[in-house]
Amino acid sequence: MNTTGKVIRCRAAILWKPGTPLSIEEIEVAPPKVKEVRIKIVATGLCGTEMKMLANKIPHNNYPIILGHEGAGIVESVGEGVSTVKTGDKVITLFLPQCGECTSCVNPGGNFCIQFKQSETGLMSDGTSRFTCKGKPVYHFGNTSTFSEYTVIKEISVTKIDAVAPLEKVCLVSCGFSTGYGAAITTAKVTPRSTCAVFGLGGVGLSVIMGCKAAGAARIIGVDINKDKFEKAKEVGATECINPQDYKKPIQEVLFDMTGAGVEFCFEVIGNPETVVAALASCHESHGVCVIVGLLTAGVQLNISGRLFFSGRSLKGSVLGGWKSRQDVSKLVSDYMAKKFNLDPLITHTLNLDKINEAVELMKTGKCIRCVLLL
């Protein structure tokens, strides 16, 4: 049945208001407009960002809303003026667009496209939503809204990938894997034979470890209060793991004792302001680099002694691992297909969309690294 130009009825997980479970509902998805793409989502990951949204730790005023931003699917139809993808193409959804025209996009070292800010409205470029449920408009999320069997996304937030790529695996390249792997490779530029520390051993933290290993780091220290995560961290490349609760000293002092001078590269992958300070203080005083990978709550202030910077330490932010989204994410999928890295250790659970609240509870237990939802 040809659905081009028609409204599609399908299922989606809707968050009606903060603090409530996600609700599986029948929605209507309008056809794509100019420079938009309608996608049949095949697989989507449950990311820590959604967990923070569900816990109301990220201020948001747009409800009801369809969350989800780590997705992969197949193009169902395209709007007027779309030239880079066509019906039937396998694609990755991108919460971070790449317009190719703003100052970030044209700068060789920049990737924070100005069009990202459009997502804060929860609406498409024309100021309307493509989703309705029970006669009411439903807001978009993160330029993507992948917790829906069909979604409409701007062309600048979609990239075509290898036609034989397994979508239930490479959906992680949409966010979690790229964010962590790139933080090491692209943002920090980890050097061979260096010493690294990674605070937070969830899916993104494990991806950081994989990036450090790929860059040739000699020593990679995983830091987490959940010892159950240590085995998996070592499987993907950590040389040792420590739990801050096992020590009476602050963790930065422990790391200094372990390394003799502090680590050369440190990554905070939790989004906790106190951990950011500890991670920075764990860096080598003259040339240590600390990268904030975890999402800090809006408005949070960092209480950092200026003395930490006097000797040469640096603190950097990173979004999507520093990759230019449309340009680089498809290349990462090709690298996966060439067996340059393995995504399997990151995926601990696979469930259908209607089990999404079960997936949320699994993430809360700390026993789930990444849960992939099949639609």
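Residues numbered from 1 in each chain as written. Predicted model: local features only at pLDDT ≥ 70, side-chain atom pairs only at ≥ 80, totals over all residues. Heavy atoms only, no water.

(A) The layout of surface pockets, seen in detail. There is about 220 Å³ of room inside the second largest pocket. Of the residues contributing to the lining of the second largest pocket, the split by class is three nonpolar, two polar and eight charged. (1 Å grid on protein atoms, 1.4 Å probe; cavity = no way out; pocket = protein on both sides within 12 Å on 5 of 7 lines; lining within 4 Å. Points joined across faces, edges and corners; volume = space filled by probe spheres on them. Nonpolar A, V, L, I, M, F, W, Y, C, P; charged D, E, K, R; others polar.)

(B) Fine view of helix α11 (residues 356–365). Buried residues of α11: Ile-356, Ala-359, Val-360 and Met-363, and no others. Here the buried residues of α11 occupy an arc of 105 degrees about the axis, which is enough to place them on one side. Within two residues after α11, Gly-366 carries a phi angle of roughly 85 degrees, on the positive side. (Buried < 20%, exposed > 50% of the residue type's maximum accessible area, 1.4 Å probe, protein only. Helix = DSSP H or I, 4+ residues; strand = E, 2+ residues; numbered from the N terminus. Arc of directions from axis to C-beta.)

(C) Fine view of the sheet that holds strand β12 (residues 219–223). If you walk across this open sheet you meet the six strands as β13-β12-β11-β14-β15-β16, and the pairing is parallel. Looking at strand neighbours, the two that pair on one side only are β13 (240–242) and β16 (314–317), the edges of this open sheet. Strand-to-strand twist across the sheet, computed as the mean angle between neighbouring axes with direction ignored, equals 20 degrees. Examined bridge by bridge, strand β14 (residues 265–268) and strand β15 (residues 289–292) share four bridges and lie parallel to one another. Bridge pairing in β15 places Cys-266 opposite Cys-290. (Pairing = 2+ DSSP bridges. Axes fitted to C-alpha atoms, helices over the stretch in contact; angles between N-to-C directions.)

(D) Structural detail: the pattern of salt bridges. Within this structure, the stated rule accounts for 16 salt bridges. With a closest N to O distance of 3.0 Å, Lys-227 and Asp-246 form a salt bridge. Of this pair, Lys-227 sits in the loop between β12 and α6 (230–236) while Asp-246 sits in the loop between β13 and α7 (251–259), and the two are 19 residues apart along the sequence. A residue is classified by how much of its surface remains accessible, and Asp-246, at 46% relative accessible area, is partly exposed. Because the salt bridges share partners, they merge into one network encompassing Lys-33, Glu-36, Asp-126 and Arg-130. (Salt bridge = Lys/Arg side-chain N within 4 Å of Asp/Glu carboxyl O.)

(E) Just the packing of helix α4 (residues 176–188) against helix α5 (residues 203–214), in detail. In the contact formed by α4 and α5, the axes pass within 7 Å of each other and the chain directions differ by 40 degrees. With respect to α5, the axis of α4 lies oblique. Along this stretch, α4 crosses α5, giving a crossing that reads as right-handed. Here α4 contributes Gly-176, Phe-177, Thr-179, Gly-180, Tyr-181, Ala-184 and Ile-185 to the contact with α5, which in turn contributes Val-204, Ser-207, Val-208, Met-210, Gly-211, Cys-212 and Ala-214. (Parallel < 35°, antiparallel > 145°, perpendicular 65-115°, else oblique. Left-handed = near helix turned anticlockwise from the far one by under 90°. Contact = heavy atoms within 4.5 Å.)

(F) Local environment of the pairing of strand β3 (residues 36–45). For β3, a buried count of eight out of 10 residues is recorded, marking the element as mostly surrounded by other parts of the structure. Here β3 runs beside strand β5 (residues 70–78); their pairing, made up of eight bridges, is antiparallel. For Ile-39, the partnering residue across the bridge sits in β5 and is Val-75. Examined bridge by bridge, β3 and strand β18 (residues 371–374) share three bridges and lie antiparallel to one another. Residue pairing for β18: Gly-45 is matched across the bridge by Val-372.

By themselves, these figures tell us nothing about what the structure is for.
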